[in-house]
Amino acid sequence: MEFLPPTLAPDAWLLAPPKMPSPTDIIEALIFASHAPLSLERLAAVTQMPPESVAAELDALREEKEAVGALQLVEVAGGWQFVTKAEFAPFVRRLRDEKRARLSRAAFEVLAIVAYRQPVTRAEIDALRGVESAAPLHFLLERKLLFPAARKDVAGRPWLYKTTPQFLDQFGLKSLEDLPELDEFSALEGVGGHPQTMNLFERGEVREDDE
Amino acid sequence: MIPATLETAKEPERFTGHAIRLPVFEGPLDLLLYLIRAHKYDIFDIPIRHITGQFVEYLTLMREVEADYAGDFLVTAATLMQIKARMLLPKTQSQSEEVMAQDEADPRAELVERLLEYGRIRVAAEELRQKREARDDLFARPLEAAKFQPDFDAELSQALLLAEVSSFDLLSALRRVLHRMEERPVALVRREAFTLPDRLRGITVRLYHSGELSFEALCDDCQSRLEVVVTFLAILELIRRGQARVRQLTLFDEIWLEGARSQASGARNGVPAPDSGA
């Protein structure tokens, strides 16, 4: 048996305990090999680990990846996946020639209304923007960022629009709950605002003087 | 009051699918927010008189730049003027509590609410733009992009199934086919030269000379059904204008057309005109 390399000698594989890969490594392998983002549930099912442990391992893996290498682990709509870190974007972009359509300001406004208010009708979008929104709406439907989900049960039975999973993916959102919270008045920065009641009161006094 | 850059500043990269392109502003609310910000007005105490003036000024400017612009701006201008009018009106001495309550309310309140709401949307839109930009820098393996199938609830996946072949896809397919059809004309159809205005002139001239003509006589030069129909329409039009009258002696008899001027002679002959009670 001396012709065998030392690793294959019987005592090497008979006596040594089988080497189990670490759970973190298993999860890394699974996410890498999956052709779609992997959900926590699916990972738990495949690894036969409790979901809480998988979640802990995912956190560990994410931190580990963040520290070194070109890849990072992100949670997107539908699950976890590896993506390149942002600093490599210029290089990867040169490799791939994917052109993502530019969205107009109107399109972003329509998208924002649907994202935060869904489901909404076109008339509701028009009213909120104060301007007719058919063109940007159709553009977003064509891009499959929005879809007509149902008809509203009012006169004319207009379509109610919702955002698609593609929207979540393209905007790096895990779910709709992941949408940024909006501060009511930040839109009007520099506009200046006094309490509404005070102004009303002042105006009321002026009117009384007039009479 | 309006900066000079407004009329010239256009964003070439903006979405151009819309037939009506407005310079700079997305809509009336966008313009109002701009004016409030530019003049550092208090959103809760907008000087309606000033802002209406500036708004209308911009509208006039826009009309010069683009003849055809959206009516949404006009609607808002009307709203502004209505608020302005309501603020100028003295309080009514009404006993009705309802009217009193209406008087107490700030006429601007609804507009302010809309502006705040639109402001929030603008912030949300900007947040989304940044999110998208950040996401654009992250690349997954291409395989994922091709087979992206998230486990979503049934409603969504079914809707997506439908959305995959949307009505827009169908429409663009139709457009392509129609376009191909246009490329190979089957036959050339000459445009009908026989027009209603022409016929009107012709009949008027003939009536002037003859005073009275039968419908059949008027159709003597017609070469197709269409021309007969056009002649008939021309007669109807002359009657509507009061330039001619028709009469018929008995049912299914000849229809006679007479010029409005010879109407008196027709009445003298004892032939009742149809509109005089026949």
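Quantities reported herein were computed from a predicted structural model and do not represent experimental measurements.

Concerning the confidence of the model for chain A
Residue and element names in this part refer to chain A.
In step 1: Of all residues in chain A, 78% have pLDDT values of 70 or greater, and the mean over the chain is 80.
In step 2: Element-level mean pLDDT values for chain A span from 34 in helix α10 (residues 196–210) up to 93 in helix α4 (residues 51–67).
In step 3: Of the regions scoring below 50 in pLDDT, residues 185–211 engages in 44 contacts with residues more than four places distant in sequence or in other chains.

Describing the pattern of salt bridges
Side chains carrying opposite charge are able to pair once their charged atoms draw close together.
In step 1: Enumeration according to the criterion identifies 22 salt bridges over all chains in this entry.
In step 2: Notably, a salt bridge pairs Arg105(A) with Asp30(B), separated by 2.6 Å at the nearest N-O pair. With Arg105(A) in helix α6 (residues 105–117) and Asp30(B) in helix α2 (residues 28–38), the pair connects residues from two separate chains.
In step 3: What makes Asp30(B) buried here is its relative accessible area of 4%.
In step 4: The salt bridge involving Glu132(A) is made with Arg122(A); its shortest N-O contact spans 3.4 Å. Note that Glu132(A) is positioned in the loop between α7 (122–129) and α8 (134–142) and Arg122(A) in helix α7, a separation of 10 residues in sequence.
In step 5: Salt bridges sharing common partners tie together Arg105(A), Glu109(A), Arg129(A), Asp30(B) and Arg122(B).

Side note on the pairing of strand β4 (residues 159–163) of chain A
Residue and element names in this part refer to chain A.
In step 1: Along β4, four of the five residues are buried, which leaves the element largely enclosed by surrounding structure.
In step 2: As paired elements, strand β3 (residues 146–151) and β4 share five bridges and run antiparallel to each other. Bridging from a neighbouring strand, alanine 150 pairs with leucine 160 of β4.

A short note on helix α3 (residues 40–47) of chain A
Residue and element names in this part refer to chain A.
In step 1: For α3, the complete set of buried residues consists of Leu43, Ala44 and Thr47. Buried positions in α3, seen along its axis, are confined to an arc of 100 degrees and lie on one side of it. Facing away from the buried side of α3 by over 90 degrees, the exposed positions are Glu41, Arg42 and Ala45.
In step 2: Against the buried residues of α3 lie α2 (23–33) and α4.
In step 3: Backbone geometry just after α3 places glutamine 48 at a positive phi near 60 degrees.

About the criteria used
- Residues numbered from 1 in each chain as written.
- Chains lettered and ligands numbered in written order.
- Predicted model: local features only at pLDDT ≥ 70, side-chain atom pairs only at ≥ 80, totals over all residues.
- Heavy atoms only, no water.
- pLDDT = per-residue confidence, 0-100.
- Helix = DSSP H or I, 4+ residues; strand = E, 2+ residues; numbered from the N terminus.
- Contact = heavy atoms within 4.5 Å.
- Salt bridge = Lys/Arg side-chain N within 4 Å of Asp/Glu carboxyl O.
- Buried < 20%, exposed > 50% of the residue type's maximum accessible area, 1.4 Å probe, protein only.
- Pairing = 2+ DSSP bridges.
- Arc of directions from axis to C-beta.

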